[in-house]
Amino acid sequence: MKGIFIMYLKNMRNSKESIMERFEEWTIRKRKLDDLNPYKFAREINIDENEAIYFFKELETEGYLIGYIICDCPACGNECYVEHYNIDNLYECEECEELINIRNLRKKDVSYSINKEMLVNGIKKCVNPIELMLEEHNEKVIRIDRNKGVDSIKGKIKTKDEGVIKMERKSTRIFISHSEKDKVIVRKLIRLLHDIGIPKQKEFIFCSSYEGYNVPPGEDISEYIRKEFDENILVIFMLSENFYNSPACLCEMGAVWVKTKKHIPLLIPPFQFKEIKGFLNSNTRGIHINKSEGLDSFSKKITEEFNLPNIDITIWGNDKRDFLEDIKNLLEG
Ligand SMILES: [Zn+2]
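The protein is annotated in an unreviewed UniProt entry as TIR domain-containing protein from Anaeromicrobium sediminis.

Shown next, in the form of C-alpha coordinates:
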(Lines give C-alpha, C1' and ligand atoms only; values in the text may rest on other atoms or scores of the structure.)
Protein backbone atom coordinates (compact mmCIF):
# COMPACT_ATOMS: atom_id res chain seq x y z
CA MET A 1 0.00 0.00 0.00
CA LYS A 2 2.71 2.42 1.04
CA GLY A 3 4.62 1.74 -2.16
CA ILE A 4 1.64 2.63 -4.29
CA PHE A 5 1.17 5.84 -2.38
CA ILE A 6 4.77 6.89 -2.89
CA MET A 7 4.48 6.12 -6.58
CA TYR A 8 1.47 8.41 -6.73
CA LEU A 9 3.33 11.20 -4.99
CA LYS A 10 6.23 10.87 -7.36
CA ASN A 11 3.92 11.20 -10.31
CA MET A 12 2.06 14.21 -8.93
CA ARG A 13 4.27 16.86 -10.34
CA ASN A 14 1.46 19.31 -11.04
CA SER A 15 -1.01 20.83 -8.64
CA LYS A 16 -4.65 19.88 -9.00
CA GLU A 17 -5.52 23.48 -9.84
CA SER A 18 -3.10 23.63 -12.72
CA ILE A 19 -4.42 20.37 -14.15
CA MET A 20 -7.96 21.59 -13.67
CA GLU A 21 -7.20 24.70 -15.67
CA ARG A 22 -5.80 22.66 -18.53
CA PHE A 23 -8.73 20.27 -18.28
CA GLU A 24 -11.15 23.16 -18.79
CA GLU A 25 -9.21 24.48 -21.74
CA TRP A 26 -9.05 21.00 -23.21
CA THR A 27 -12.82 20.41 -23.04
CA ILE A 28 -13.57 23.83 -24.50
CA ARG A 29 -11.05 23.42 -27.28
CA LYS A 30 -12.43 20.01 -28.18
CA ARG A 31 -16.00 21.22 -27.74
CA LYS A 32 -16.70 18.00 -25.95
CA LEU A 33 -18.56 17.08 -22.81
CA ASP A 34 -18.39 13.36 -23.22
CA ASP A 35 -16.06 10.64 -24.37
CA LEU A 36 -13.22 12.22 -22.44
CA ASN A 37 -10.26 9.88 -22.20
CA PRO A 38 -7.59 10.39 -19.51
CA TYR A 39 -4.84 8.84 -21.64
CA LYS A 40 -5.50 11.24 -24.50
CA PHE A 41 -5.68 14.10 -22.04
CA ALA A 42 -2.31 13.11 -20.56
CA ARG A 43 -0.71 13.00 -24.01
CA GLU A 44 -2.20 16.27 -25.18
CA ILE A 45 -1.25 18.35 -22.16
CA ASN A 46 1.93 16.42 -21.61
CA ILE A 47 1.53 15.05 -18.11
CA ASP A 48 2.06 11.58 -16.72
CA GLU A 49 -0.70 9.08 -17.52
CA ASN A 50 -1.08 8.04 -13.88
CA GLU A 51 -1.49 11.64 -12.91
CA ALA A 52 -4.27 12.09 -15.45
CA ILE A 53 -5.99 8.88 -14.34
CA TYR A 54 -5.81 9.97 -10.72
CA PHE A 55 -7.19 13.40 -11.63
CA PHE A 56 -10.13 11.93 -13.55
CA LYS A 57 -10.90 9.52 -10.70
CA GLU A 58 -10.85 12.36 -8.23
CA LEU A 59 -13.27 14.38 -10.33
CA GLU A 60 -15.45 11.31 -10.56
CA THR A 61 -15.47 10.89 -6.78
CA GLU A 62 -16.42 14.53 -6.42
CA GLY A 63 -19.24 14.04 -8.90
CA TYR A 64 -18.01 16.22 -11.76
CA LEU A 65 -17.41 13.31 -14.06
CA ILE A 66 -19.25 10.12 -14.75
CA GLY A 67 -16.92 7.24 -15.54
CA TYR A 68 -17.57 4.53 -18.08
CA ILE A 69 -15.79 1.40 -19.13
CA ILE A 70 -15.90 0.65 -22.81
CA CYS A 71 -16.57 -2.96 -23.78
CA ASP A 72 -17.79 -4.87 -26.78
CA CYS A 73 -21.17 -6.53 -26.46
CA PRO A 74 -20.56 -10.31 -26.45
CA ALA A 75 -23.77 -10.81 -28.43
CA CYS A 76 -23.55 -8.26 -31.23
CA GLY A 77 -20.12 -6.66 -30.92
CA ASN A 78 -21.56 -3.17 -30.44
CA GLU A 79 -19.38 -0.85 -28.39
CA CYS A 80 -21.00 -0.43 -24.95
CA TYR A 81 -20.38 2.32 -22.42
CA VAL A 82 -21.04 0.92 -18.96
CA GLU A 83 -21.21 3.29 -16.04
CA HIS A 84 -18.74 2.57 -13.23
CA TYR A 85 -21.47 2.81 -10.66
CA ASN A 86 -23.90 0.49 -12.33
CA ILE A 87 -25.42 -1.05 -9.24
CA ASP A 88 -27.35 -4.04 -10.49
CA ASN A 89 -24.43 -5.58 -12.41
CA LEU A 90 -26.57 -5.91 -15.50
CA TYR A 91 -26.26 -3.90 -18.65
CA GLU A 92 -28.69 -3.85 -21.54
CA CYS A 93 -26.94 -3.51 -24.86
CA GLU A 94 -28.40 -0.56 -26.69
CA GLU A 95 -27.97 -2.16 -30.06
CA CYS A 96 -29.28 -5.71 -29.56
CA GLU A 97 -30.97 -5.18 -26.18
CA GLU A 98 -29.26 -8.26 -24.75
CA LEU A 99 -28.93 -8.25 -20.95
CA ILE A 100 -25.28 -8.72 -20.10
CA ASN A 101 -23.68 -9.46 -16.77
CA ILE A 102 -21.12 -6.72 -16.33
CA ARG A 103 -18.58 -9.08 -14.80
CA ASN A 104 -18.45 -10.99 -18.08
CA LEU A 105 -17.51 -7.95 -20.09
CA ARG A 106 -13.93 -7.41 -21.17
CA LYS A 107 -12.78 -3.88 -20.66
CA LYS A 108 -11.32 -2.19 -23.73
CA ASP A 109 -10.89 1.36 -22.58
CA VAL A 110 -12.23 3.98 -20.21
CA SER A 111 -14.21 7.09 -20.90
CA TYR A 112 -15.66 9.95 -18.87
CA SER A 113 -18.50 12.40 -19.36
CA ILE A 114 -18.97 15.70 -17.61
CA ASN A 115 -21.83 15.38 -15.16
CA LYS A 116 -24.35 17.85 -16.47
CA GLU A 117 -26.36 17.88 -13.26
CA MET A 118 -23.40 19.20 -11.34
CA LEU A 119 -23.12 22.04 -13.81
CA VAL A 120 -26.75 22.99 -14.02
CA ASN A 121 -27.69 22.52 -10.42
CA GLY A 122 -24.62 24.35 -9.31
CA ILE A 123 -22.89 22.46 -6.58
CA LYS A 124 -20.72 25.08 -4.85
CA LYS A 125 -17.38 23.84 -6.05
CA CYS A 126 -18.46 23.68 -9.64
CA VAL A 127 -15.59 24.85 -11.79
CA ASN A 128 -16.08 23.15 -15.10
CA PRO A 129 -16.90 24.99 -18.27
CA ILE A 130 -20.31 24.65 -19.77
CA GLU A 131 -20.42 24.76 -23.44
CA LEU A 132 -23.74 25.93 -24.62
CA MET A 133 -25.52 26.97 -27.70
CA LEU A 134 -27.96 29.27 -26.01
CA GLU A 135 -28.45 32.37 -28.03
CA GLU A 136 -30.00 31.78 -31.42
CA HIS A 137 -27.41 30.18 -33.66
CA ASN A 138 -24.37 31.71 -32.06
CA GLU A 139 -22.29 29.26 -30.19
CA LYS A 140 -21.34 30.49 -26.80
CA VAL A 141 -19.21 29.31 -23.95
CA ILE A 142 -20.31 30.02 -20.42
CA ARG A 143 -17.77 29.59 -17.68
CA ILE A 144 -18.66 29.13 -14.08
CA ASP A 145 -16.44 31.31 -11.96
CA ARG A 146 -14.30 29.21 -9.66
CA ASN A 147 -14.98 31.28 -6.56
CA LYS A 148 -18.52 32.42 -7.12
CA GLY A 149 -19.67 28.99 -8.25
CA VAL A 150 -23.03 28.91 -9.90
CA ASP A 151 -23.83 32.48 -8.87
CA SER A 152 -21.65 33.59 -11.73
CA ILE A 153 -24.08 32.18 -14.27
CA LYS A 154 -27.30 33.24 -12.56
CA GLY A 155 -29.66 34.80 -15.02
CA LYS A 156 -28.10 32.90 -17.88
CA ILE A 157 -29.44 29.58 -16.78
CA LYS A 158 -32.37 28.79 -14.56
CA THR A 159 -31.18 26.83 -11.57
CA LYS A 160 -32.85 24.05 -9.69
CA ASP A 161 -34.82 26.00 -7.12
CA GLU A 162 -36.30 28.56 -9.44
CA GLY A 163 -39.74 28.08 -10.85
CA VAL A 164 -40.31 24.53 -9.72
CA ILE A 165 -43.95 23.77 -9.22
CA LYS A 166 -44.75 20.99 -6.82
CA MET A 167 -46.74 18.33 -8.61
CA GLU A 168 -47.56 14.77 -7.96
CA ARG A 169 -46.21 13.78 -11.30
CA LYS A 170 -42.46 13.71 -11.76
CA SER A 171 -42.52 15.42 -15.13
CA THR A 172 -44.76 18.39 -15.80
CA ARG A 173 -44.81 18.43 -19.56
CA ILE A 174 -43.47 16.72 -22.64
CA PHE A 175 -41.43 18.67 -25.14
CA ILE A 176 -41.01 17.08 -28.54
CA SER A 177 -37.85 18.32 -30.20
CA HIS A 178 -37.92 17.43 -33.87
CA SER A 179 -37.17 18.45 -37.40
CA GLU A 180 -39.95 20.11 -39.34
CA LYS A 181 -39.38 17.43 -41.99
CA ASP A 182 -40.37 14.67 -39.56
CA LYS A 183 -43.61 16.29 -38.47
CA VAL A 184 -45.85 13.58 -39.93
CA ILE A 185 -44.15 10.98 -37.75
CA VAL A 186 -44.38 13.37 -34.81
CA ARG A 187 -48.17 13.54 -35.24
CA LYS A 188 -48.31 9.77 -34.89
CA LEU A 189 -46.21 9.98 -31.77
CA ILE A 190 -48.57 12.53 -30.23
CA ARG A 191 -51.45 10.17 -30.91
CA LEU A 192 -49.52 7.41 -29.19
CA LEU A 193 -48.91 9.67 -26.18
CA HIS A 194 -52.66 10.24 -25.95
CA ASP A 195 -53.20 6.49 -26.18
CA ILE A 196 -50.78 6.06 -23.28
CA GLY A 197 -52.92 8.48 -21.28
CA ILE A 198 -51.44 11.95 -21.69
CA PRO A 199 -54.38 14.39 -21.61
CA LYS A 200 -55.16 16.40 -24.74
CA GLN A 201 -54.24 19.71 -23.15
CA LYS A 202 -51.51 22.14 -24.00
CA GLU A 203 -50.24 22.01 -20.43
CA PHE A 204 -49.00 18.52 -21.13
CA ILE A 205 -47.31 18.65 -24.50
CA PHE A 206 -45.23 21.19 -26.35
CA CYS A 207 -44.59 20.61 -30.02
CA SER A 208 -43.79 23.37 -32.50
CA SER A 209 -45.42 21.69 -35.50
CA TYR A 210 -48.74 20.79 -33.90
CA GLU A 211 -51.46 23.38 -33.79
CA GLY A 212 -52.60 23.79 -30.20
CA TYR A 213 -49.39 22.41 -28.74
CA ASN A 214 -47.11 25.06 -30.22
CA VAL A 215 -45.96 28.55 -29.25
CA PRO A 216 -48.82 30.98 -28.62
CA PRO A 217 -49.19 33.46 -31.50
CA GLY A 218 -46.79 36.37 -31.40
CA GLU A 219 -44.26 34.68 -29.15
CA ASP A 220 -40.73 33.78 -30.12
CA ILE A 221 -39.83 30.12 -29.68
CA SER A 222 -36.44 30.52 -27.99
CA GLU A 223 -37.88 33.14 -25.65
CA TYR A 224 -40.75 30.78 -24.91
CA ILE A 225 -38.38 27.91 -24.08
CA ARG A 226 -36.33 30.15 -21.80
CA LYS A 227 -39.43 31.29 -19.98
CA GLU A 228 -41.50 28.14 -19.73
CA PHE A 229 -38.99 25.37 -19.37
CA ASP A 230 -37.46 23.92 -16.26
CA GLU A 231 -35.85 20.66 -15.32
CA ASN A 232 -39.20 18.93 -14.86
CA ILE A 233 -39.86 18.93 -18.56
CA LEU A 234 -39.42 15.57 -20.21
CA VAL A 235 -37.77 16.03 -23.58
CA ILE A 236 -38.28 13.63 -26.44
CA PHE A 237 -35.65 14.08 -29.13
CA MET A 238 -36.83 12.73 -32.47
CA LEU A 239 -33.44 11.86 -33.89
CA SER A 240 -33.01 11.48 -37.61
CA GLU A 241 -30.77 12.68 -40.38
CA ASN A 242 -33.19 15.60 -40.81
CA PHE A 243 -32.71 16.50 -37.14
CA TYR A 244 -28.93 16.58 -37.32
CA ASN A 245 -29.00 18.49 -40.61
CA SER A 246 -31.00 21.30 -39.06
CA PRO A 247 -29.03 24.07 -37.30
CA ALA A 248 -32.25 25.14 -35.58
CA CYS A 249 -32.74 21.65 -34.12
CA LEU A 250 -29.14 21.48 -32.89
CA CYS A 251 -29.40 24.91 -31.35
CA GLU A 252 -32.64 23.97 -29.65
CA MET A 253 -31.11 20.72 -28.44
CA GLY A 254 -28.32 22.67 -26.71
CA ALA A 255 -30.68 25.10 -25.02
CA VAL A 256 -33.13 22.44 -23.94
CA TRP A 257 -30.43 20.00 -22.87
CA VAL A 258 -29.02 22.36 -20.29
CA LYS A 259 -32.36 23.37 -18.79
CA THR A 260 -33.89 19.94 -18.51
CA LYS A 261 -32.92 16.70 -16.84
CA LYS A 262 -34.90 13.96 -18.51
CA HIS A 263 -34.38 13.05 -22.13
CA ILE A 264 -35.68 10.23 -24.27
CA PRO A 265 -34.04 9.95 -27.68
CA LEU A 266 -36.38 8.30 -30.18
CA LEU A 267 -34.61 7.10 -33.29
CA ILE A 268 -36.35 7.32 -36.61
CA PRO A 269 -34.94 4.64 -38.92
CA PRO A 270 -32.60 4.39 -40.71
CA PHE A 271 -30.96 6.55 -38.03
CA GLN A 272 -28.72 4.44 -35.73
CA PHE A 273 -27.55 4.66 -32.12
CA LYS A 274 -23.98 5.16 -33.20
CA GLU A 275 -24.91 8.28 -35.15
CA ILE A 276 -26.02 10.06 -31.97
CA LYS A 277 -23.70 12.97 -31.29
CA GLY A 278 -23.53 16.42 -29.80
CA PHE A 279 -25.05 16.99 -26.40
CA LEU A 280 -26.64 13.62 -26.47
CA ASN A 281 -24.16 10.86 -26.94
CA SER A 282 -24.22 7.18 -27.63
CA ASN A 283 -24.35 6.55 -23.87
CA THR A 284 -27.79 8.08 -23.73
CA ARG A 285 -30.41 5.41 -23.73
CA GLY A 286 -32.46 5.61 -26.90
CA ILE A 287 -35.42 3.79 -28.39
CA HIS A 288 -36.05 2.80 -31.98
CA ILE A 289 -39.46 4.15 -32.88
CA ASN A 290 -40.28 1.08 -34.96
CA LYS A 291 -39.48 -1.56 -32.34
CA SER A 292 -42.18 -3.11 -30.21
CA GLU A 293 -40.06 -3.68 -27.06
CA GLY A 294 -38.75 -0.13 -27.21
CA LEU A 295 -42.30 1.22 -27.28
CA ASP A 296 -43.19 -0.89 -24.23
CA SER A 297 -40.43 0.71 -22.20
CA PHE A 298 -41.36 4.12 -23.63
CA SER A 299 -44.95 3.68 -22.49
CA LYS A 300 -43.80 2.51 -19.06
CA LYS A 301 -41.57 5.55 -18.68
CA ILE A 302 -44.31 8.01 -19.67
CA THR A 303 -46.79 6.29 -17.34
CA GLU A 304 -44.34 6.59 -14.44
CA GLU A 305 -43.32 10.16 -15.14
CA PHE A 306 -46.89 11.41 -15.33
CA ASN A 307 -48.33 9.13 -12.72
CA LEU A 308 -50.88 7.76 -15.20
CA PRO A 309 -53.11 4.74 -14.60
CA ASN A 310 -51.79 1.58 -16.22
CA ILE A 311 -53.26 0.73 -19.59
CA ASP A 312 -54.98 -2.59 -20.11
CA ILE A 313 -52.40 -4.79 -21.77
CA THR A 314 -54.68 -5.82 -24.67
CA ILE A 315 -55.64 -2.24 -25.44
CA TRP A 316 -52.01 -1.15 -25.35
CA GLY A 317 -51.13 -4.04 -27.65
CA ASN A 318 -53.65 -2.78 -30.22
CA ASP A 319 -52.57 0.85 -29.93
CA LYS A 320 -48.96 -0.14 -30.33
CA ARG A 321 -49.68 -2.33 -33.35
CA ASP A 322 -51.54 0.53 -35.05
CA PHE A 323 -48.66 2.88 -34.34
CA LEU A 324 -46.04 0.47 -35.65
CA GLU A 325 -48.08 -0.07 -38.80
CA ASP A 326 -48.46 3.68 -39.36
CA ILE A 327 -44.73 4.20 -38.88
CA LYS A 328 -43.91 1.35 -41.24
CA ASN A 329 -46.17 2.83 -43.92
CA LEU A 330 -44.72 6.31 -43.46
CA LEU A 331 -41.14 5.07 -43.63
CA GLU A 332 -41.80 2.98 -46.71
CA GLY A 333 -43.97 5.56 -48.38
ZN1 LIG B 1 -25.38 -6.15 -28.27
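(A) Fine view of the environment of Glu 97. Turning to its location among the elements, Glu 97 is positioned in the loop between strand E3 (90-92) and strand E4 (99-101). The exposure class of Glu 97 is partly exposed, given its relative accessible area of 27%. Note: C-alpha distance between Glu 97 and Gly 294 (197 residues apart in sequence) is 9.3 Å. Setting aside residues up to four positions removed in sequence, Glu 97 forms contacts with Glu 92 and Glu 293.

(B) Highlighting helix H7 (residues 221-228). Taken residue by residue, H7 has Ser 222, Tyr 224 and Ile 225 as its buried positions. For H7, the angular spread of the buried residues around the axis is 160°, confining them to a single face. Along its buried surface, H7 packs onto strand E8 (173-177), strand E9 (205-206) and helix H9 (247-259).

(C) Fine view of the sheet that holds strand E5 (residues 107-114). Strands sit in the order E2-E1-E5 across an open sheet of three strands; the sheet is antiparallel. Edge positions in the sheet fall to strand E2 (79-83) and E5, since each of these pairs with one other strand and no more. Going across the sheet, the axis of each strand differs from the next one's by a mean of 30°, ignoring polarity. The sheet contact formed by strand E1 (residues 65-72) and E2 spans five bridges and is antiparallel. Within E2, the position partnered with Tyr 68 by the bridge is Glu 83. The strands touched by helix H4 (residues 49-61) within the sheet are E1 and E5, with E1 carrying the most contacts at an inclination of about 120°.

(D) Focus on H9. Under the 1.5 Å per step criterion, the end-to-end length of H9 is 19 Å for 13 residues, consistent within 8% with the ideal 18 Å. A large share of H9 lies buried, amounting to 10 of its 13 residues. Within the span of H9, buried status applies to Cys 249, Cys 251, Glu 252, Met 253, Gly 254, Ala 255, Val 256, Trp 257, Val 258 and Lys 259. For H9, the side-chain oxygen to backbone nitrogen distance between the N-cap and Cys 249 is 3.0 Å, and the N-cap itself is Ser 246.

(E) Layout of the sheet that holds strand E12 (residues 287-288). Within the open sheet, the five strands sit side by side as E9-E8-E10-E11-E12. Their pairing is parallel. In this open sheet, the two strands that pair with only one neighbour each are E9 and E12. The pairing of strand E10 (residues 233-239) with strand E11 (residues 262-267) spans six bridges and is parallel. Residue Val 235 lies in a different strand from E11, and its bridge partner there is His 263.

(F) Expanded view of the coordination of the zinc ion. Protein ligation of the zinc ion involves Cys 73 (SG), Cys 76 (SG), Cys 93 (SG) and Cys 96 (SG), the donor distances falling in the range 2.3 Å. Given four donor atoms and angles of 107 to 111° at the metal, the environment of the zinc ion is assigned as tetrahedral. Written as a sequence motif, the donor residues of the zinc ion are C-x2-C-x16-C-x2-C. Here Cys 93 lies in the loop between E3 and E4 and Cys 73 lies in the loop between E1 and E2, a separation of 20 residues in the sequence.

(G) Structural view of the nonpolar core. Ile 176, Leu 193, Met 238, Phe 298 and Ile 302 are the most contacted members of the largest nonpolar core, which totals 30 residues. For this core, the leading source of residues is helix H6 (residues 183-196), giving seven residues. Ignoring sequence-local partners within four residues, the contact set of Ile 176 consists of Val 186, Leu 189, Ile 190, Leu 193, Ile 205, Phe 206, Cys 207, Ile 236 and Met 238. Among the nonpolar cores identified, the runner-up in size contains 20 residues, and Ile 19, Met 20, Ile 47 and Ile 114 belong to it.

(H) Main features of the environment of Cys 207. Relative to the elements of secondary structure, Cys 207 occurs in the loop between E9 and H7. We classify Cys 207 as buried; its relative accessible area is 0%. Filtering out sequence-adjacent residues up to four positions away, Cys 207 remains in contact with Ile 176, His 178, Val 186, Ile 190, Tyr 213 and Asn 214.

(I) The arrangement of the confidence of the model for the protein in detail. With 76% of its residues at a pLDDT of 70 or more, the protein has an overall mean of 77. When mean pLDDT is compared element by element in the protein, H6 scores highest at 95, while strand E6 (residues 129-132) scores lowest at 37. Every residue in residues 1-11 is under pLDDT 50, and counting partners more than four places away or in other chains gives five contacts. This model gives residues 120-167 a pLDDT under 50, and the stretch forms 107 contacts once residues within four places in sequence are excluded.

(J) Broad picture of the side chain of Ser 209. Note on placement: Ser 209 falls in the loop between E9 and H7. What Ser 209 contacts, discounting residues up to four positions off in sequence, is His 178, Glu 180, Lys 183, Val 186 and Arg 187.

(K) Expanded view of the pattern of salt bridges. Tallied over the full model, the rule gives 11 salt bridges. Note that Lys 108 is salt-bridged to Asp 72, the shortest N-O span being 3.0 Å. Taken together, the positions of Lys 108 in strand E5 and Asp 72 in strand E1 put the pair 36 residues apart, joining distant regions of the chain. Residue class for Lys 108 comes out partly exposed when judged on its relative accessible area of 45%. Glu 304 is the salt-bridge partner of Lys 300, the closest N and O atoms lying 3.8 Å from each other. In this pair, Lys 300 and Glu 304 are both assigned in helix H10 (residues 292-305), four residues apart and thus about one turn of the helix distant. By relative accessible area, which is 55% here, Lys 300 ends up exposed. Connected through salt bridges with shared partners, the residues Asp 72, Glu 79 and Lys 108 form a single ionic network.

Conventions used here
Residues numbered from 1 in each chain as written. Predicted model: local features only at pLDDT ≥ 70, side-chain atom pairs only at ≥ 80, totals over all residues. Heavy atoms only, no water. Helix = DSSP H or I, 4+ residues; strand = E, 2+ residues; numbered from the N terminus. Buried < 20%, exposed > 50% of the residue type's maximum accessible area, 1.4 Å probe, protein only. Contact = heavy atoms within 4.5 Å. Arc of directions from axis to C-beta. Pairing = 2+ DSSP bridges. Axes fitted to C-alpha atoms, helices over the stretch in contact; angles between N-to-C directions. Expected span 1.5 Å × (residues − 1). Polar contact = N/O pair within 3.5 Å; in protein donor to acceptor, adjacent residues only side chain to side chain. Donors = N, O, S within 2.8 Å, 3.2 Å for Na, K, Ca; no water. Tetrahedral: all angles 85-135°; square planar, octahedral: opposite > 155°, others 65-115°. Core = buried A, V, L, I, M, F, W, Y, C linked by side-chain atoms within 4.5 Å. pLDDT = per-residue confidence, 0-100. Salt bridge = Lys/Arg side-chain N within 4 Å of Asp/Glu carboxyl O.

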